[in-house]
Amino acid sequence: MSDGDPSAATAAGGDRAAEIDTAGAAADATDRRRLGAVVLAVLISQVLLYPGVPDLVVALGAPAGIDAGMWFLVAEFGAFVTFAVVWGALSDALGTRVPLIVTGALGGAASYVALASLPGLGLGFGAALLVRVVGGALTIGAFSLSITLLMDLRGGNGRNMGTAGFAIGLGAAVGSVVGGSLAGLGALYPVYAGAVVLAAAGLLAATVDDRRRTAAANNSEASDSGASDSASETDGGGFRDVLARARTTPGLLVPLAFGFVDRLTAGFFALVGVYYFQDPATFGLSAAGAGATLALFFVPFALLQSPFGALSDRIGRFLPVVAGSLAYGVATVGVGVAPAYPIAAALMVLVGVCGALMAPATMALVTDLVEPEVRGAAMGLFNVFGSLGFLAGFLVGGSATGAFGYTPAFLAVGGLELAIALALLPAVRSLSPGAGVIGRLGAEG
């Protein structure tokens, strides 16, 4: 066979392409694990504080009661709403994500240290709320952009978002259990622990390959070699252009609406659930007991995210999103009307399973709909709607509980989840018709 044999050249080229694909898949798998760990750490740092909120706000100078706990959580999530899209669009416009993730995580850790220092400085609850706003503005950058960088990886949108969902659920589970135990030792212990974990997240993020920067570099090389259209395909353009393109993506409001309501219920459980399970008039659990009960939701929510996300890649998003939301709403109502703690605990497990079914499919639907160059802004918008949902969960849950009691509040929140699933059923079907036997049965049923 001669040196110029075209078949040999083709075979060699095919082998090299296969080697590149294999190496790329291995690199994606490594970064998928690292980014999952970053999201995990961010969630742990956040949720560590939740079980001990009733005592923490008092230590920070607030009067006892659910109102102070509500505003403590609202301050952080208000910043999430304000800055999530800013971080995402900025990363698209600059063509980089990792440095912004590191900045957000380390800055968030510093805000936790500042929060824990306030009682010793004699500053009141107002200063604590201000620190929470600053910390939230920084932390949402680390959280949202880590998920966006997962979106940049290959391997299936459902799989990548399943990794994010697994990290979110596991982080919330670990944070609720450990946070409850730490709160029993001292009101400020969870804050110090959160600072350490968030700093570790920033250091780990620095080891991840910046896929957005790599894409921009490849685009520059292609442009230099004459591929004049590549710049417009890879570069997201200016900040305003990125934001406008993400906002006008057809159908994007559907997963944003589901994200809003899903996070509303999560915010409701984070605030009202803690008080509900600790209230002597209901179950009278300790902070550790309430944290462990929240973990009954978060553990299955975490463990099932990856397989359910991969399932949505095979059968489509329709059945996981719609059926998961309907079951989630029913189970949420059930927790609020449970006559005994074992029943409420079992229903918390069911809520976690249903949440795991719908969450990765909803996030994957965002990835399905948007162009790669505006993913940061789109995920930022998703997190804005999610954070607005958390805010609504805190405000509506806290206000409704204070005015009407726990049962009506659970009925309202669970009913809203049912309503959004039924109202948007046709829209989800049009965006993601079922695939495979199970998916078609769900979409046509």
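Residues numbered from 1 in each chain as written. Predicted model: local features only at pLDDT ≥ 70, side-chain atom pairs only at ≥ 80, totals over all residues. Heavy atoms only, no water.

- In the nomenclature of an unreviewed UniProt entry, the protein chain corresponds to MFS transporter from the organism Halorubrum ezzemoulense.

## Thoughts on the overall build of the protein chain
- Counting its regular elements, the protein chain contains 19 helices and zero strands.
- Only carbon and sulfur atoms are counted for the fraction: they give 68% of the accessible area of the protein chain, which is about 16700 Å². (Helix = DSSP H or I, 4+ residues; strand = E, 2+ residues; numbered from the N terminus. Areas by Shrake-Rupley, 256 points an atom, 1.4 Å probe, with all protein chains shown as cover.)

## A few points about the environment of Val254
- Mapped onto the secondary structure, Val254 falls in helix H11 (residues 253-278).
- On the accessibility criterion, Val254 (10% relative accessible area) is buried.
- Between the C-alpha atoms of Val254 and Ala427, which are 173 residues apart in sequence, the distance is 7.1 Å.
- Apart from the residues lying within four places of it in its own chain, the contact partners of Val254 are Leu424, Ala427, Val428 and Leu431. (Buried < 20%, exposed > 50% of the residue type's maximum accessible area, 1.4 Å probe, protein only. Contact = heavy atoms within 4.5 Å.)

## What about the environment of Val272?
- Take Val272: it is sitting in helix H11.
- You can call Val272 buried: its relative accessible area is 0%.
- Spatially, the C-alpha atoms of Val272 and Phe410 are 9.1 Å apart, while their sequence positions differ by 138 residues.

## Things to note about the pattern of salt bridges
- As enumerated under the stated definition, the model contains five salt bridges in all.
- Among the ionic pairs, Arg132 bridges to Glu76, the shortest N-O distance being 3.2 Å. Of this pair, Arg132 sits in helix H5 (residues 125-151) while Glu76 is found in helix H3 (residues 66-94), placing the two residues 56 residues apart along the sequence.
- Arg132 gets classed as buried once you look at its relative accessible area, which sits at 4%. (Salt bridge = Lys/Arg side-chain N within 4 Å of Asp/Glu carboxyl O.)

## Structural notes on the nonpolar core
- Within the largest apolar cluster, 114 residues are counted, with the highest numbers of intra-cluster contacts made by Phe72, Leu115, Val335 and Phe394.
- Looking at which domains feed residues into this core, each of domain 1 (30-210) and domain 2 (240-433) gives three or more.
- Listed in part, the 12 residues of the second largest apolar core include Val261, Phe318, Ala421 and Val428. (Core = buried A, V, L, I, M, F, W, Y, C linked by side-chain atoms within 4.5 Å. Domains from an automatic or database assignment.)

## Description of the packing of aromatic side chains
- In this structure the tally under the stated criterion is 13 aromatic pairs.
- Between Phe277 and Phe283 the ring centres are 5.7 Å apart and the planes differ by 25°, which places this aromatic pair in the stacked class. Summarising the burial analysis for this pair, Phe277 and Phe283 share the class buried.
- Taken together, the ring pairs connect Phe268, Phe269, Tyr276, Phe277, Phe283, Phe297, Phe301, Tyr341, Tyr406 and Phe410 into an aromatic cluster.
- Against the face of Phe72 rests Arg132, its NZ or CZ located 4.0 Å from the ring centre. (Phe/Tyr/Trp six-rings, centres within 6.5 Å; stacked < 30°, edge-to-face > 60°. Lys NZ or Arg CZ within 6 Å of the ring centre and 35° of its normal.)

## Structural notes on the side chain of Thr265
- Structurally, Thr265 is set in helix H11.
- Beyond its immediate stretch of four places on either side in the chain, Thr265 contacts Tyr328, Val413 and Glu417.

## Things to note about the packing of helix H14 (residues 318-337) against helix H15 (residues 341-369)
- Where H14 meets H15, the closest approach of the two axes is 8 Å, and the angle between their N-to-C directions is 155°. Overall, the two elements H14 and H15 adopt an arrangement that is roughly antiparallel. Between H14 and H15 lies a crossing of left-handed hand. Contacts between H14 and H15 involve Pro320, Val321, Gly324, Ser325, Ala327, Tyr328, Ala331, Thr332, Gly334 and Val335 from the former and Ala344, Leu347, Met348, Leu350, Val351, Cys354, Gly355, Leu357, Met358, Ala361 and Thr362 from the latter.
- Taken together, the residues of the contact of H14 with H15 sort by class into 15 nonpolar, six polar and no charged. (Axes fitted to C-alpha atoms, helices over the stretch in contact; angles between N-to-C directions. Parallel < 35°, antiparallel > 145°, perpendicular 65-115°, else oblique. Left-handed = near helix turned anticlockwise from the far one by under 90°. Nonpolar A, V, L, I, M, F, W, Y, C, P; charged D, E, K, R; others polar.)

## Details of a nonpolar patch on the surface
- Together, Trp71, Leu395 and Val396 give the surface a local cluster of nonpolar side chains, amounting to about 260 Å² of exposed area.
- Look at Val396 and you get partly exposed, because its relative accessible area is 43%. (Patch = residues over 30% accessible without salt bridge, like charges linked within 9 Å, V, L, I, M, F, W, Y side chains within 5 Å.)

## Quick word on the environment of Leu123
- Positionally, Leu123 belongs in the loop between helix H4 (98-121) and H5.
- Residue class for Leu123 comes out partly exposed when judged on its relative accessible area of 43%.
- Along the backbone, Leu123 and Leu60 are 63 residues apart, and their C-alpha atoms lie at a distance of 8.1 Å.
- Once residues lying within four places of it in the same chain are set aside, the contact partners of Leu123 are Leu60 and Leu118.

## Regarding helix H12 (residues 287-303)
- In this model H12 runs 24 Å from its N-terminal to its C-terminal C-alpha over 17 residues, within 8% of the 24 Å that 1.5 Å per residue would give.
- Along H12, the helix axis deviates most sharply at Leu296, where the bend reaches about 30°; the proline Pro300 sits within four residues downstream.
- Among the residues of H12, Ala287, Ala290, Gly291, Thr293, Leu294, Ala295, Phe297, Phe298, Pro300, Phe301 and Ala302 are the ones counted as buried. (Expected span 1.5 Å × (residues − 1). Bend = angle between axes of the 7 residues up to and from the residue.)

## Brief notes about the confidence of the model for the protein chain
- Of the residues in the protein chain, 82% reach a pLDDT of 70 or more, and the chain-wide mean stands at 80.
- No element of the protein chain has a lower mean pLDDT than helix H9 (residues 230-234), at 39, and none a higher one than helix H7 (residues 189-205), at 95.
- This model gives residues 214-237 a pLDDT under 50, and the stretch forms 25 contacts once residues within four places in sequence are excluded. (pLDDT = per-residue confidence, 0-100.)

## Brief notes about the side chain of Ser146
- With respect to the helices and strands, the residue Ser146 is situated in helix H5.
- Ser146 gets classed as buried once you look at its relative accessible area, which sits at 0%.
- Of the polar contacts made by the side chain of Ser146, one reaches the backbone oxygen of Ala142; its length is 2.6 Å.
- When residues no more than four places from it in sequence are discounted, the contact partners of Ser146 are Leu35, Val38, Val39 and Ile101. (Polar contact = N/O pair within 3.5 Å; in protein donor to acceptor, adjacent residues only side chain to side chain.)

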